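# Structural overview
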Amino acid sequence: MQVELQSLHRRLGATSTIMVSSKTLFIKLVDETYIDTRIYIVVGETYEYTGLMEYLYDKGLLAAGQYFVVGVILDQYDSQLPETYLKGVFDNNSIPKLQEAFKSYVGVVIAPPAYPQYNNFTAKVNKYLTLPPFNIRNSLDSIGKMKTIRAEAAYLYDAVYAYAKALDEALRLGEDPLSGSVIINHIKQTTYTSAMGYMVHIDTNGDAEGNYTLIAHKRIENNTDGYGLVPVGIFQLNETLTSALPSLKLLPNESIPWIGDGPPIAEPKCGFRGENCIVIVEECKPSIEIDADLSLLLTKGRITSPIITAVLCSS
């Protein structure tokens, strides 16, 4: 069973960051679901995960690697500050409890800008902002800095570029430039380099391929905080575009540091409540040595067959 916690601040009546970040919002939810749940999926902002992770840790559910959280992060991932995701909402210091809890977490984020390509885009935007018709003075010029350009500006640039490229093709072919269907047909099945610095593919439906990165709890090189949520993989469409769904590709020399023997399973082998491992024992007194041994094995749980039938009787 997977529990999807979408927009908790709306569903649970939270009206502020303080309320959302509190683990008290998750206590009732976890207490009511943890028996029949192993993997939780959270869709929201980064601050919405800390309460859930903290309570799962306090409840002792994360120690053996049987429980796990997958976060779908809605805000832009900051690859320059991966350690901030393991800090409190109002605490700028790393929290040891969260460091341990987030070992049982992976996040899916919108791919961060690719550097230095995005720096080039930022420099061009800053330059044009100072020119007519904008004439916006950059107050950071005096200290050699540029204005920070949000990712939304890059997305807008990409949209205008895709339209302009399609319009140019329509005009060169003598097609109606005012026809929406003509423009869309020239946009479909195209690939271009985004202002974010990575390649973008437009599919047969006219939808842009999502560029997503997988992040996990790992050590940060050359960082005093030690650990953070850093990229370990990317999601890519296959080269032949035969599948509409992207596949996960781990980055070179990267892996997901699972707790225990590997990825957690969505449902235990014996079921959430042991319903798939039924032990049927006929009650009668064991009279031979093998019966006693079997009884001991059953008592200590060393027989792991999904369904066990045992007859402990003398002949």
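Our structure is the block above this text.
### What about the overall build of the protein?
Each helix and strand counted, the protein has nine helices and 11 strands in total. Buried residues in the protein amount to 34% of all 315 residues. Look at the contacts in the protein between residues 6 or more apart in sequence, and 60% of them connect residues 24 or more apart. If you sum the accessible surface of the protein, you get close to 19,100 Å²; carbon and sulfur atoms cover 56% of it.

### Quick word on helix α8 (residues 180-187)
The complete set of buried residues in α8 reads Val 182, Ile 183, His 186 and Ile 187. What you see down the axis of α8 is that its buried residues fit within an arc of 140°, all on one side. Here the buried face of α8 lies against α7 (151-172), β5 (190-193) and β6 (199-202). One or two residues past the end of α8 sits Gln 189, with phi positive at roughly 55°.

### With respect to the nonpolar core
Counting 26 residues, the largest nonpolar core has Val 30, Tyr 40, Leu 52, Leu 56, Val 69, Phe 102 and Tyr 105 as its most contacted members. Those elements giving two or more residues to this core turn out to be α3 (24-33), β2 (39-44), α4 (50-58), β3 (68-73), α5 (96-101) and β4 (105-110). Membership of the second largest hydrophobic core comes to 17 residues, among which are Phe 121, Ala 166, Val 200 and Ile 202.

### Remarks on the pattern of salt bridges
Tallied over the entire structure, the rule returns 10 salt bridges. As a salt-bridge pair, Glu 32 and Lys 28 come within 2.6 Å of each other at their nearest N and O atoms. Taken together, the residues span about one helical turn, with Glu 32 and Lys 28 both in helix α3 at a distance of four residues. Here Glu 54 makes a salt bridge to Lys 97, at a shortest N to O gap of 3.5 Å.

### Observations regarding the packing of α3 against α4
Closest axis-to-axis distance for the α3/α4 pair is 9 Å, and the angle between their directions is 55°. In terms of orientation, α3 lies oblique with respect to α4. Considering the relative orientation of α3 and α4, their crossing is right-handed. Of α4, the residues touching α3 (which contributes Phe 26, Ile 27, Val 30 and Asp 31) are Gly 51, Leu 52, Tyr 55 and Leu 56. Considered class by class, the residues forming the contact of α3 with α4 number six nonpolar, one polar and one charged.

### Examining helix α6 (residues 117-129)
A rise of 1.5 Å per residue sets the reference length of α6, with its 13 residues, at 18 Å; its end C-alpha atoms lie 19 Å apart and thus fit the reference within 8%. Among the residues making up α6, those that are buried are Tyr 118, Phe 121, Thr 122 and Asn 126. Looking straight down α6, one finds that the buried residues subtend no more than 135° of arc, so they occupy a single side. Exposed positions of α6 whose direction lies more than 90 degrees from the buried face are Lys 124, Lys 127 and Tyr 128.

### Looking at the side chain of Thr 33
For Thr 33, the position within the fold is in helix α3. Residue classification places Thr 33 among the buried positions, given a relative accessible area of 15%. In this structure the side chain of Thr 33 is engaged in a polar contact, spanning 2.8 Å, whose partner is the side chain of Tyr 40.

### Here we look at the pairing of β4
The buried count for β4 comes to five of six residues, which makes it a mostly enclosed element. Of the strand pairs in this sheet, β3 and β4 are connected by four bridges, and their pairing is parallel. Residue Val 72 lies in a different strand from β4, and its bridge partner there is Val 108. As paired strands, β4 and strand β7 (residues 212-219) are joined by five bridges and run antiparallel to one another. Within the sheet, the bridge partner assigned to Ile 110 lies in β7 and is Tyr 212.

Calculation notes
- Residues numbered from 1 in each chain as written.
- Predicted model: local features only at pLDDT ≥ 70, side-chain atom pairs only at ≥ 80, totals over all residues.
- Heavy atoms only, no water.
- Helix = DSSP H or I, 4+ residues; strand = E, 2+ residues; numbered from the N terminus.
- Buried < 20%, exposed > 50% of the residue type's maximum accessible area, 1.4 Å probe, protein only.
- Contact = heavy atoms within 4.5 Å.
- Areas by Shrake-Rupley, 256 points an atom, 1.4 Å probe, with all protein chains shown as cover.
- Arc of directions from axis to C-beta.
- Core = buried A, V, L, I, M, F, W, Y, C linked by side-chain atoms within 4.5 Å.
- Salt bridge = Lys/Arg side-chain N within 4 Å of Asp/Glu carboxyl O.
- Axes fitted to C-alpha atoms, helices over the stretch in contact; angles between N-to-C directions.
- Parallel < 35°, antiparallel > 145°, perpendicular 65-115°, else oblique.
- Left-handed = near helix turned anticlockwise from the far one by under 90°.
- Nonpolar A, V, L, I, M, F, W, Y, C, P; charged D, E, K, R; others polar.
- Expected span 1.5 Å × (residues − 1).
- Polar contact = N/O pair within 3.5 Å; in protein donor to acceptor, adjacent residues only side chain to side chain.
- Pairing = 2+ DSSP bridges.

Purely geometric stuff here, so don't read any function into it on its own.
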